[in-house]
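The residues making up each chain are set out below.
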Amino acid sequence: MHSNTDYRFSLPAERVPLLVVTLFLLLFLLPTPVLAISDLLVGAFIDDGVSALARGGLEELPRRQQTLDFNAPLFLNSDGKFRIETGYEHQRTVRIYSGRWAGTHAWSDRLESAAAAPFSLFDGRLKGSAAAGYGWRSLDALGENDGERLKITDQVNLESWKGGLYLQAVDRLFLGVSLISDNLRQGLQVPVEAEVAPLSFLRVGYKHSYLDNLVANFNAVLDTDSASLTIKDLEEINELYLVVDYPEVIYLRFANELKESANRRVEGKLYLPWSLYLTGDYARRDYAGIDEEITVNGSAGGKVEGNFFRKEYRVGTGAVLGERWTVEANYRHQDFSSEGGGVASSRAVTSFWPSLLLGNYNYLYFAELSGDQYHLGGEYRGERFSFGLGMQYLDLKPQANLDYWRSVLFGLGKTGAGNLDLTFDRVQMLFFSLGLGYRWKNTELRYAFGQFVPISLHDTSKSATVATGSGGTGSAGGGTGGGGGGFFSSVGDKFTHNPGGNIQRVLLTITF
């Protein structure tokens, strides 16, 4: 029987999982509420806001209102004043000029603008503010590996319009409601916060908010084949919280999600004699995870499923020096993990009958990232001029592996099994930051700059070569599967050839 069908793979069989899995390997290590891979360092280890960046990347505890926040609408309080603010963030957190990832970069920009107007009714017994805002964020990420002839891109553009209302009744009842419309979700988001204060030092509240855990539009090209994966891991969170706040004595906040009782957060601050204090927090969270389809060469190429877990704690101590200066030191530990798997369809790269004989690739992955942060920062807050300076030492310990195999003969057999491992297990870097602020009459301008400085990468494959005297065949070595180990080696090149990225944030606030 003669056939003109071409049974050749347009993509070598042993490299099918590489094309599929590289679409999300840079994301599964970090299930934080981030936009995409440029937030690998910023979203997890550098907190949000100009003040946090100025003092070394860790925000002040307890968390206080710094800007108008529509996803936490109790932070729409304008404190009886008209308020206009514009904040901008510029990230260049991955920049690689040489080496095997010569074209790699991850850039993002973010703009948030808002305005709030106060009002008062019933002789001041009901007061509050009405707010409106606009937000925009973009990401441009590119990874090029000449050795694997692999190119990965990720481009995301988000735009949102916002409105909100903050109400306060007789200094005992507080309510915040927002409406947010964006090009990410279908329909309106309605964040809600309600709080009651039965005692002057005690508050009980409810919060309904939204998390954008993973948002990405990945495209990968390997030789002449291409694959794409769109991830939208979005959640709605409902939680109850309790706050005990004795000014200059103790602050304690406990929050627990209603649907997932294991998801909780605790933060506190204890004031000590001689203007000293202790501070800290603890949080853990199981994320909803992803279940997404993959497209290869315009056809169904398989699917990806995975779940995520995060746990962190932070302890710190500080001192208030006089009326203007504050110095603080912190230690924060974080654990991220993810596990999952999926199927890479051979039908996307072969015709129908060969795909039945050759079978699909199945794969399972596990990834873990442990991070230790050692922070030191100081702030000066004057009537007009403010100043912040800080630094961190970051010690990151990642590990990840991927097992894959191909079923054959209608699923009765198995072949092409392999394993990929990270070829590095420790990354150390420094982070330095500086912030400046100036207030003139009713206008305040604040600016902060932060710089990453990679200092060390521990390559397990090189260690194995030294230890065993052979070409990296020890247990700590790289992957043993066909054709894929170079990708993980190149992830290491991202650090060894990275001169260090930076973050810039600016905030302009006008009140009258």
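Since this is a predicted model, take the numbers as computed values, not measurements.

## A short note on the overall build of the protein
The helix and strand inventory of the protein stands at seven helices and 19 strands. Burial analysis of the protein (512 residues in total) assigns 49% to the buried set. Looking at the protein alone, contacts between residues at least 24 apart form 65% of all its contacts between residues at least 6 apart. If you sum the accessible surface of the protein, you get close to 23400 Å²; carbon and sulfur atoms cover 58% of it.

## Some remarks on the packing of aromatic side chains
To describe a pair of aromatic rings, you give the distance between the ring centres and the angle between the ring planes. Going through the model one piece at a time under the given rule, you end up with ten aromatic pairs. An aromatic cluster is present here, built from Tyr313, Tyr331, Tyr374 and Tyr393 joined pairwise through their rings. Lying over the aromatic face of tyrosine 241, arginine 253 brings its terminal NZ or CZ to 4.2 Å of the ring centre.

## Some words on the confidence of the model for the protein
Do not read the predicted coordinates in detail wherever pLDDT is low. Averaged over every residue, the pLDDT of the protein is 79; residues scoring 70 or more account for 77%. Within the model, the stretch residues 21-39 combines pLDDT values under 50 with 88 contacts to residues more than four positions away or in other chains. Segment residues 352-356 is flagged for pLDDT under 50; beyond a separation of four residues in sequence, or across chains, it makes nine contacts in the model.

## Describing the environment of valine 427
Within the element layout of this structure, valine 427 appears in strand β17 (residues 424-440). Separated by 33 residues in sequence, valine 427 and leucine 394 place their C-alpha atoms 8.1 Å apart.

## As for the pattern of salt bridges
Under the counting rule described, the total for this entry stands at 28 salt bridges. In this structure, the salt-bridge partner of glutamate 59 is arginine 63, at a minimum N-O distance of 2.6 Å. With a closest N to O distance of 2.7 Å, arginine 185 and aspartate 212 form a salt bridge. Of this pair, arginine 185 sits in the loop between β5 (173-182) and β6 (192-199) while aspartate 212 sits in strand β7 (residues 202-222), placing them 27 residues apart in sequence. Among the residues examined, aspartate 212 registers a relative accessible area of 28% and is labelled partly exposed. A cluster of three or more residues bridged by salt bridges with shared partners is formed by Glu59, Arg63, Arg265, Glu267, Asp281, Arg310 and Glu312.

## Regarding the nonpolar core
Residues Phe45, Ile46, Phe431 and Ile503 are the most contacted members of the largest nonpolar core, which totals 22 residues. One finds Ala227, Ala344, Leu402 and Leu420 within the second-largest nonpolar core, a separate group that totals 20 residues.

## Quick notes on the environment of arginine 384
Its location among the elements puts arginine 384 in the loop between β14 (361-381) and β15 (385-408). Sequence separation of arginine 384 and tyrosine 438 is 54 residues, and the distance between their C-alpha atoms is 5.4 Å. Contacts of arginine 384, omitting those with residues within four sequence positions, involve Gly437, Tyr438, Arg439 and Trp440.

## As for the environment of isoleucine 46
Its location among the elements puts isoleucine 46 in the loop between α3 (39-45) and α4 (50-54). Isoleucine 46 gets classed as buried once you look at its relative accessible area, which sits at 2%. For the pair isoleucine 46 and glycine 450, spaced 404 residues apart in sequence, the C-alpha to C-alpha distance is 9.4 Å.

## Digging into the side chain of serine 160
Mapped onto the secondary structure, serine 160 falls in strand β4 (residues 150-169). Taking relative accessible area as the criterion, serine 160 reaches 10% and is therefore assigned buried. Not counting residues up to four positions away in its chain, the partners in contact with serine 160 are Gly133, Tyr134, Gly135, Ile180, Ser181 and Asp182.

## Observations regarding unusual backbone geometry
Omega for the peptide link from leucine 61 to proline 62 comes to 0 degrees, which places this bond in the cis form. By the secondary structure assignment, proline 62 is in the loop between α4 and β1 (83-95). Residues other than glycine seldom take positive phi values, yet valine 170 does so here, at roughly 45 degrees. Among the secondary structure elements, valine 170 is positioned in the loop between β4 and β5. The residue glutamate 248 is not glycine, and still its phi comes out positive at about 65 degrees.

## Here we look at the pairing of strand β12 (residues 299-321)
For a regular strand, side chains alternate in direction, first toward one face of the sheet and then toward the other. Judged from the 19 bridges that link them, strand β11 (residues 276-296) and β12 form a sheet pairing that is antiparallel. Note on β12: the bridge partner recorded for tyrosine 287 is phenylalanine 308. Adjacent in sequence and paired antiparallel, β11 and β12 are bridged by two residues, among which asparagine 297 carries a positive phi angle near 55 degrees. Examined bridge by bridge, β12 and strand β13 (residues 325-344) share 20 bridges and lie antiparallel to one another. Its bridge partner being in β13, lysine 303 is matched across the sheet by valine 343. From the end of β12 to the start of β13, which pair antiparallel, there are three residues, and glycine 322 there has a positive phi angle of about 70 degrees.

## Structural notes on a nonpolar patch on the surface
A contiguous nonpolar patch, built from Tyr246, Val249, Ile250, Leu270, Leu272, Trp274, Leu276 and Leu278 and spanning about 740 Å² of accessible area, is present on the exposed surface. Mapped onto the nonpolar patch, the elements with two or more residues apiece are β10 (264-272) and β11. For isoleucine 250, the location among the structural elements is in strand β9 (residues 250-257).

## Section: the layout of surface pockets
Roughly 310 Å³ of volume is contained in the second largest pocket. Forming the walls of the second largest pocket are 17 residues, and the residues nearest its centre are Lys269, Tyr271, Tyr277, Val320 and Thr326. Those elements that provide at least two residues to the lining of the second largest pocket are β10, β11, β13 and β14.

Reading the values: rules and limits
Residues numbered from 1 in each chain as written. Predicted model: local features only at pLDDT ≥ 70, side-chain atom pairs only at ≥ 80, totals over all residues. Heavy atoms only, no water. Helix = DSSP H or I, 4+ residues; strand = E, 2+ residues; numbered from the N terminus. Buried < 20%, exposed > 50% of the residue type's maximum accessible area, 1.4 Å probe, protein only. Contact = heavy atoms within 4.5 Å. Areas by Shrake-Rupley, 256 points an atom, 1.4 Å probe, with all protein chains shown as cover. Phe/Tyr/Trp six-rings, centres within 6.5 Å; stacked < 30°, edge-to-face > 60°. Lys NZ or Arg CZ within 6 Å of the ring centre and 35° of its normal. pLDDT = per-residue confidence, 0-100. Salt bridge = Lys/Arg side-chain N within 4 Å of Asp/Glu carboxyl O. Core = buried A, V, L, I, M, F, W, Y, C linked by side-chain atoms within 4.5 Å. Pairing = 2+ DSSP bridges. Patch = residues over 30% accessible without salt bridge, like charges linked within 9 Å, V, L, I, M, F, W, Y side chains within 5 Å. 1 Å grid on protein atoms, 1.4 Å probe; cavity = no way out; pocket = protein on both sides within 12 Å on 5 of 7 lines; lining within 4 Å. Points joined across faces, edges and corners; volume = space filled by probe spheres on them.

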